Every structure is written in structure tokens, then in C-alpha cells.
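A look at the structure
Here's the letter readout for the chains.
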Protein chains: 2
Amino acid sequence: MSDAALWSALADPHRRAIVALLLAGPRPVGEITEACGLSQPSTSKHLKVLREAGLVRVRQDAQRRVYALDPAPIAALDAWLAPYRRLWNSSLDTLGRRLDATSDDTPHPAPPED
Amino acid sequence: MSDAALWSALADPHRRAIVALLLAGPRPVGEITEACGLSQPSTSKHLKVLREAGLVRVRQDAQRRVYALDPAPIAALDAWLAPYRRLWNSSLDTLGRRLDATSDDTPHPAPPED
DNA sequence: CAGTTATATGCCTGTCAAGGAATAAAGACG
DNA sequence: CGTCTTTATTCCTTGACAGGCATATAACTG
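The structure contained in this document is the topic of the report that follows. (Residues numbered from 1 in each chain as written. Chains lettered and ligands numbered in written order. Predicted model: local features only at pLDDT ≥ 70, side-chain atom pairs only at ≥ 80, totals over all residues. Heavy atoms only, no water.)

Attention now moves to the interface of chain B and chain A. Contacts between the two partners involve 28 residues from chain B, matched on the other side by 26 residues from chain A. Note on chain B versus chain A: buried area summed over both sides is about 2,600 Å², and carbon and sulfur give 75% of it. Remark: the boundary between chain B and chain A carries two salt bridges. D78 of chain A is the salt-bridge partner of R85 of chain B, the closest N and O atoms lying 3.1 Å from each other. At the junction of chain B with chain A, the criterion picks out three residue pairs in polar contact (both at pLDDT 80 or more). A total of 12 residues in the side of chain B that touches chain A trace back to one element, the largest contributor, which is helix 5 (residues 72-93) of chain B. (Contact = heavy atoms within 4.5 Å. Buried area = accessible area lost by both parts, 1.4 Å probe. Salt bridge = Lys/Arg side-chain N within 4 Å of Asp/Glu carboxyl O. Polar contact = N/O pair within 3.5 Å; in protein donor to acceptor, adjacent residues only side chain to side chain. Helix = DSSP H or I, 4+ residues; strand = E, 2+ residues; numbered from the N terminus.)

Right under this line is the structure:
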């Protein structure tokens, strides 16, 4: 529940690396271990945290356990920062100029899309 | 710099509370202290972390220090989760949780794309 | 200047999380 | 059944961090 688990899970750089790796597709623990340069027990522990935060799901394949990303909690993150997104959108607008112009929202659809 | 500072700053619930409070507008330390039910030194320390993560800026007003949200780092967060957002958008599509059987050499071809 | 308000810092302590080594558990396979 | 493989768990140690208290710093006031 608590996005507390979500935040603290993603607070760790190794865990973010795992999540980023799983973005490319499901992986068994061994591959995650190697790709992230972690020890096997460490990987298992991190995966446990991610699992309990709901960020990953496991599928068992023989002795292997294939971990896959569950994007739902990240959607929660997205929801969390939604209010802030509005804020920085407007602050991009009024970068150096503070015009108390008319309340006519200038629809400035110039997305600096990179 | 490193979003490491950003993540670890936001990992703390009190700090998230402060950030959420500042979303409504700039506040001096005293108000933040009271609104979040923190002690004054604790508030100052949290604000220091937020400051070093670039999440807040200070403006000095007599003896008071008015803290305001800086939305830029949150934009970085948004950029971070952009790839995942695509993922959960598409997973909304495939509601019926189909776990792909990528065991041996499943070529993993065309998704049923209806 | 002394005194007062508002905020920041230092020190100390308890707590919690991470990493490493060893080991357990579960499945495959001769 | 014994063994190998893959992953999870336990124990232990260490380091980081938050909280509380006292105190320092800065700015205003008289």
C-alpha cells in the first residue's frame, strides 16, 4: 500500500538499475545479478524489496525465477507528481518574465520535446 | 546533482509532506514546522536536504526564511519515469495479464495486436 | 548595546538498511 | 537417491540517517 514502500524501494540506486533493466524485458535472477554487478544474495534481497513494493512480479521457470516489471506502482508515482507537473509547466512559461497579464492563458503549445 | 540526491530526498515521508505543503505556496520555516508537526531543528535539517537536492529555494525575509518549491528536479523525475509510462499505458491494453512464456527460446513474436 | 525572534548546526543515540559469507530450499537429472 | 543448479534466507557487521536537545548564528527591536 503505502507509497512509502514504493519510494523507499526506488530510493536505492541498485534497485533503480534493476527496474531499468527489467524495462527491456523479463530476466531471471542470474542475468540481473550479472548485469547489475551485484552478488546473488544481494540481488535476491533487492528483488524481494521490489516485489513487496509491487514493482516486480515473478514467474517460475524450472529452478529459475523470471522477474518482470509491474508498471502499476509507477503509475502511482506518476499520479503523485501530477500536481507538480502543472507547476513546472507554468514556471517554464514565466521563466524570466512575470507578466501579470490578463487571465487569458496563452495556449503556448511549443513542446521542447527532446 | 545526481538524481540520487533527488530520490533519497523524496524517500522520506516528512520531506514529501514538506514538498506537498510547498506546493500550495511558499512558507517560512515556522509554518512548515507547525504544519508538518515537526520540531524546528528537524524541519531545518529536512529543508537542508531538500535544498541540496535542488527541490526548494530560499528567500530571506528579515529573520524569516521563506522556502519555495523548485519544480525543476521533479521534471527530472518525470523524465525518469517516461519510459515506464509507455509501458503501463500498453499494459492497460493487455488487461488479461498474459505472462509470456519466454522459457527456452521462445521467439516471442507478434503480440495479438487486435 | 542587550534582548528577542527565527533559523541553522553540532553532538549524541537509537534504528534501520545494505553488503558479505555461509547455508537452506526447490527443482532438474543422472 | 545423490548431485548440481538456481534462488532465497539467515546471521553478522558496518554505515547512514532521523530525532531530540542544546547551542550558535543572524536579523530585527528598543
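Right, let's talk about the side chain of T43 of chain A for a bit. Among the secondary structure elements, T43 of chain A is positioned in helix 4 (residues 40-52). Those residues in contact with T43 of chain A that lie beyond four places of it in its chain are V29, I32, T33 and L38 of chain A.

Residues and elements named next belong to chain B. With respect to topology, three strands assemble into an open sheet ordered 1-3-2, the strand pairing being antiparallel. The two strands at the open ends of the sheet, each matched to only one other strand, are strand 1 (27-28) and strand 2 (56-61). As defined by bridge partners, strand 2 adjoins strand 3 (residues 64-69) across six bridges and the pair is classed as antiparallel. Across the sheet, residue R59 finds its bridge partner in strand 3, namely V66. (Pairing = 2+ DSSP bridges.)

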